[in-house]
Amino acid sequence: MSRSFNKYLTRIHKWAGLVLSLQILFWFASGFFMTIFPIDQVRGSHLVDKQVFSLTDANIIPIEIAMTGYDGALNGARLVNIAGSPVYILLGENGPQMLNARDGQPWDGLAKVDIQNVASSSYKGEGEIAIVTKLTSAPKDYSGKLPVWQAQFDDKAKTRLYIDPETGEVHSVRTRLWRVFDLAWKFHIMDVTGEDNFNSWWLRLASGAALLFALSGVGLLWFRLASRPRRRRKRVASVS
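These lines cover the structure that appears in this document, whether it is placed above or below. Quick caveat: nothing in here was measured; it's all calculated off a predicted structure.

## Quick notes on the sheet that holds strand β2 (residues 85-92)
Taken in spatial order, the 3 strands make up an open sheet running β1-β2-β3, and their pairing is antiparallel. Bordering the open sheet on either side are β1 (74-82) and β3 (97-100), each of which pairs with just one other strand. When the angles between neighbouring strand axes are averaged without regard to direction, this sheet yields 25 degrees. Alignment of β1 against β2, held across 8 bridges, turns out to be antiparallel. If you follow arginine 78 over to β2, its bridge partner there is isoleucine 89.

## Let's talk about the nonpolar core
Inside soluble globular proteins, nonpolar side chains tend to come together where they are buried. Counting residues in hydrophobic clusters, the biggest one holds 20 residues, and the most contacted among them are Ile82, Leu161 and Ile163. Apart from the residues lying within four places of it in its own chain, the contact partners of isoleucine 82 are Val87, Met98, Trp107, Leu110, Glu166, Thr167 and Gly168. With 7 residues, the next largest nonpolar core counts Ile61, Ala66, Leu99 and Ala101 among its residues.

## Side note on the pairing of strand β6 (residues 160-163)
Alignment of strand β5 (residues 148-153) against β6, held across 4 bridges, turns out to be antiparallel. From the neighbouring strand, alanine 151 faces β6, where its bridge partner is leucine 161. Between the antiparallel neighbours β5 and β6 lie 6 residues, among them lysine 158 with a positive phi of about 55 degrees. One ladder, built from 4 bridges, connects β6 with strand β7 (residues 170-174); its direction is antiparallel. Bridging across to β7, tyrosine 162 finds its partner in serine 172.

Cut-offs used in this document
- Residues numbered from 1 in each chain as written.
- Predicted model: local features only at pLDDT ≥ 70, side-chain atom pairs only at ≥ 80, totals over all residues.
- Heavy atoms only, no water.
- Pairing = 2+ DSSP bridges.
- Helix = DSSP H or I, 4+ residues; strand = E, 2+ residues; numbered from the N terminus.
- Axes fitted to C-alpha atoms, helices over the stretch in contact; angles between N-to-C directions.
- Core = buried A, V, L, I, M, F, W, Y, C linked by side-chain atoms within 4.5 Å.
- Buried < 20%, exposed > 50% of the residue type's maximum accessible area, 1.4 Å probe, protein only.
- Contact = heavy atoms within 4.5 Å.

Spelled out as structure tokens, the structure:
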């Protein structure tokens, strides 16, 4: 009975060790990959430069008039330059409101041509704009504010800029390297879905294999220690 159970534990120990070895391989391989590239290169910082736009006209309404358009108690206001367009930002009890500083109407955000201008002037790579799309649902490589404009470039890095439709700010830079790095990070932390799910099948499998590996190892050790005195006694009896 003990020999068959020992054999059964040995099989469990080997299979659990195989599953753990795969996860350890993912840890080492993904960790090694993530140490190769500088983090600024992964983030695409070298592909984007923050641009400063100048206002082409000074035909703006007085700020006192713009402030009367706020709905609620007003705390302050300021004039900002959004991709060359003057915009008043009114701050008060009902949150910020943005007005077109030229006509006092609510700020509708940047048009597609403005986004193209922001993308092309911010981009420092060697490619050209291929597609500009306004997204209302987040793609896999973006998790920020929605809606957002996505500007795709035809360079080797497969660069994508995610631009705020209201402020023209470049929220994120995504490249093929970033996407591979992100996948390696997910394998490294056992979160393949990227949803911070602590009940994933891979995490359950790895943790269950670790538990079986440890328990079976303890069982095998106990059997070996328990069998040593018996072997010695049999040897003594055979000699006598």
